[in-house]
Every structure is written in structure tokens, then in C-alpha cells.
Amino acid sequence: MYEEMTSLERCLATIRLEPHDRVPVDLHNFMMTVVDSKLPPEKLYQNGQLLGEAQVAAWKRFGQDMLIVENGTAALAEACGCEVSYVHASAPVIEKPLLTSLSEVSSLRKPDPWKSPLCRAVLAATRLVLDQIGDQVYVMGRADQGPFDLACMIAGPETFLMELAIGESDEQIFELLEYTSDAYILYAKMFQEMGCPGTSIGEALCSPDVISPAMYDKYCLPYGKKVVSALQNDDFFLAYHVCGNTTKIIGRMVETGAKVLEFDYKCDKTIAKKASAGRTTLLGPIDPSGVLQQGSVEDVEKACREAIEVLAPGGGFILGPGCALPGTTPAKNIDRLVECARVYGKY
Ligand SMILES: [Zn+2]
């Protein structure tokens, strides 16, 4: 199909809230590439060459407009000193917290992403993808995690969330969040300097499914704003990712200033559109498991058409999965997702 804009031009125009030919489409497919490669996950996820080649091959197969390079949510935590373990057909995870108590927060050392095999692989893969197809497609090398999620990994989610609830360790919590904000900024800058048009802030656990909106205001929003203002400019855009039902905080997510908000199918689409219109771009919200992995091609089409109808008018919308795609997502469902943006997403 002949189209007037390249994928890169289309994504940039969308994010800059300028006129464009149709809704762009993104894939969040790193777990699919590990299944397709038939390699053990630690092999693909630690090897920038293989990781990058797998993404280029998937792009040649599916032709999405925005290409995400990542290997899960453990890379930056590894650079901060956390130990990583590998799960079959899934993303790497942090086995145990780095801190045994919040009182140890001042012992944390500045991370060195070049010493983390996972960070090195994402950086090398992003370089490879940029060199090969970066003039055609929007390449988002992902600097996950964001300040709150990284703090959860370093302190351990149970300990960290419990301390937030008790509310007696704010001084150490804020010290940790300052540390994780600086760690995130350091890593995110590497993608900026490499020439990526944007990167991501993964804050899955800032969700109202995990913490209250009042806690979001106190422990997430200020650090979201801080990292966005430290990094974002007219040529480098941040995509802020929060999982689950974010209806109650979507307005606050807009306040971070991030030019892209990644949101799940559980969030109310009409409320999200109203909160973001004219201010930022929404990316999502097709259900990665229920629809894209387990649904039929017809289910994919129905979900995409509903999303485009509510979210596309006036621009500021990128169609895609609201979160990471399971490794066993059928290719025919991805084909339909991409086709829906091309057919139903025309302006
Ligand atoms: Zn998510």
C-alpha cells in the first residue's frame, strides 16, 4: 500500500500533534522475538546483536511504525547492582532486593549501564536497529525502569510498598527516589545521545491497582515530572508507561508532561481521550493477553475499531498493545492489528 509519510514521519507528526495521514501502530514484542528465535532467553536478552537483528526481522515481517527495543524490566536494576534471573519464555526478573533495609539507601552507588549485560544488550541492539532502519521507523530504545519501579526493585516491592503504607520512612524513601531518578536520567540520556527520537519511563507499579492516587501524587508524580523535564525536548520524547486501570490517574499522568502515555485496555478510553486531547499522545490500549494472544482475528479487529473510533479523532493516538505482548501471540493477530491502523486509522 502506497503511503505519503514514512513510519518515522508519521510517529513524529503524531507526537508533535501535527497533521498526519493515519494512526501509527506500535508493537511491544520483545517476548515474541525470544520465542521466534528459539534461543534460551538469557542468550537473546544479553546479546545486543541478536536482540537487534530479531527486532529488524520482526519489523520486516510486520511493518509497524514504532519499534520498541527492550529486554524486560530488569536492565537498569541490574546496572544498579540487583541480581537477575531468567524465566522460560518470559522476561528476566530480579530475584531478590538489593537492599535488606531502607536504612542502607545511602550505600547505593551510581549505576554503570556498560557493566550490566542487559543494559549493554539494549544499547547495542538499539544502535544496530537505528543504523539499519532508523531513517524509516521510530526506534524507541527503552530506558525502563522509571524512578518508582526501580525503587521497588532495589528495596523489594513488598518492603517498599509496606514502608509507603506505614509512612514513617519518608526521608529514606525520598532519598531512594532521588537516587533512582538520577539513575534513570543517566541511562535515558544514553538513548538520547545515540539518536533515538524517544525513550520510555516504565512505571507499571504506579498504577491505582497497586497504590492509591494520593500516594501517586506524593511518590510518583514529582519524580515523573523531574525526569521528563530533565530529558524531553522538541526532538526527544518520553513515553510514560503505567499498567492496569489508570482511569483515576490519567489526568495526573498528563501532568508529568510526557509526550506519550502508554495505557492499558482497563483504562476508560473516553476519559483518557478527554484528559489528553491537545496535550499529549496516547499509545495503546489493546489487551495483549485477552485479545491479541488469546482472541480471534475478529476480536482484534473489533477492539482496534472501537479504540480508533474513540481515540483517533483530532490525532494524538498510536494504536498498539497496552503492555508487553506474550511470547506466543499469533502472527495473524499482529497482522490484523497493523492492518487496522492502515485501513480504519486514515485521517
Ligand atoms: Zn504495562
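See the structure above.
Our subject in this report is the structure included herewith. (Residues numbered from 1 in each chain as written. Predicted model: local features only at pLDDT ≥ 70, side-chain atom pairs only at ≥ 80, totals over all residues. Heavy atoms only, no water.)

Roughly 560 Å³ of internal volume is contained in the largest pocket. Every residue lining the largest pocket is counted, 30 residues in all, and those nearest its centre are G72, T73, Q145, M153 and A204. Elements that contribute at least two residues to the lining of the largest pocket include exactly α2 (30-37), β4 (93-94), α7 (147-155) and α8 (157-166). Taken together, the residues of the lining of the largest pocket break down into 14 nonpolar, eight polar and eight charged. (1 Å grid on protein atoms, 1.4 Å probe; cavity = no way out; pocket = protein on both sides within 12 Å on 5 of 7 lines; lining within 4 Å. Points joined across faces, edges and corners; volume = space filled by probe spheres on them. Helix = DSSP H or I, 4+ residues; strand = E, 2+ residues; numbered from the N terminus. Nonpolar A, V, L, I, M, F, W, Y, C, P; charged D, E, K, R; others polar.)

Looking now at the coordination of the zinc ion. Each protein donor to the zinc ion is listed here as H241 (NE2), C243 (SG) and C323 (SG); together their distances run 2.0 to 2.1 Å. Positions of the donor residues of the zinc ion along the chain correspond to the pattern H-x1-C-x79-C. For H241, a relative accessible area of 5% gives the class buried. (Donors = N, O, S within 2.8 Å, 3.2 Å for Na, K, Ca; no water. Buried < 20%, exposed > 50% of the residue type's maximum accessible area, 1.4 Å probe, protein only.)

What follows deals with the packing of aromatic side chains. Applying the stated criterion to the full structure yields four aromatic pairs. Between F148 and F160 the ring centres are 5.5 Å apart and the planes differ by 70°, which places this aromatic pair in the edge-to-face class. With F148 in helix α7 and F160 in helix α8, this residue pair connects regions lying twelve residues apart in the sequence. You can call F148 buried: its relative accessible area is 0%. Relative accessible area serves as the criterion here: at 0%, F160 is assigned to the buried category. (Phe/Tyr/Trp six-rings, centres within 6.5 Å; stacked < 30°, edge-to-face > 60°.)

This model, assessed by the stated rule, comprises 18 salt bridges. For D65, the salt bridge is made with R22, and the minimal N-O distance between the two is 3.0 Å. One end of the pair, D65, is in the loop between α4 (48-62) and β2 (66-69); the other, R22, is in the loop between α1 (7-15) and β1 (26-27), with 43 residues separating them in the sequence. Its relative accessible area of 0% is what places D65 among the buried residues. Linking K302 and E306 is a salt bridge whose minimum nitrogen-to-oxygen distance equals 3.3 Å. In this pair, K302 and E306 are both assigned in helix α14 (residues 297-311), four residues apart and thus about one turn of the helix distant. For K302, a relative accessible area of 53% translates into the label exposed. For E306, a relative accessible area of 37% puts it in the partly exposed group. Residues joined in a network through salt bridges with shared partners are R10, D21, R22 and D65. (Salt bridge = Lys/Arg side-chain N within 4 Å of Asp/Glu carboxyl O.)

For an α-helix, the turn length of 3.6 residues means that residues three or four places apart are oriented alike. With 15 residues, α4 extends 21 Å between its outermost C-alpha atoms, agreeing within 8% with the 21 Å of an ideal straight helix rising 1.5 Å per residue. By the burial criterion, the buried members of α4 are G48, L51, G52, A54, Q55, V56, A58, W59 and F62. Looking at the buried side of α4, the elements it contacts are β1, α2, α3 (41-45), β2, α6 (117-133) and α15 (331-344). Between a side-chain oxygen at the N-terminus of α4 and the backbone nitrogen of Q49 the separation is 3.0 Å; the capping residue is N47. G63 sits one or two residues past α4 and shows a positive phi near 70°. (Expected span 1.5 Å × (residues − 1). Contact = heavy atoms within 4.5 Å. Polar contact = N/O pair within 3.5 Å; in protein donor to acceptor, adjacent residues only side chain to side chain.)

Time to look at the nonpolar core. In terms of nonpolar packing, the biggest core is built from 109 residues, with F148, F160, L176, Y184, Y187, Y240 and L319 touching the most fellow members. Broken down by element, the residue count for this core peaks at twelve residues, all from helix α9 (residues 170-194). Contacts of L176, omitting those with residues within four sequence positions, involve L102, V105, L108, A151, I154, A155 and F160. Judged by nonpolar contacts, the second largest core, of 13 residues, contains C11, I15, Y138 and A239. (Core = buried A, V, L, I, M, F, W, Y, C linked by side-chain atoms within 4.5 Å.)

This part covers the pairing of strand β9 (residues 281-286). In terms of burial, β9 is largely enclosed, as six of its six residues are buried. The sheet contact formed by strand β8 (residues 260-262) and β9 spans three bridges and is parallel. Counterpart to V260 in the pairing with β9 is T281. The parallel pair β8 and β9, bridged by helix α12 (residues 269-276), forms a crossover whose chirality is right-handed. Both β9 and strand β10 (residues 317-321) contribute to a ladder of five bridges, which runs parallel. Bridge pairing links I286 to P321 in β10. (Pairing = 2+ DSSP bridges. Right-handed = clockwise from strand over helix to strand, strands pointing away.)

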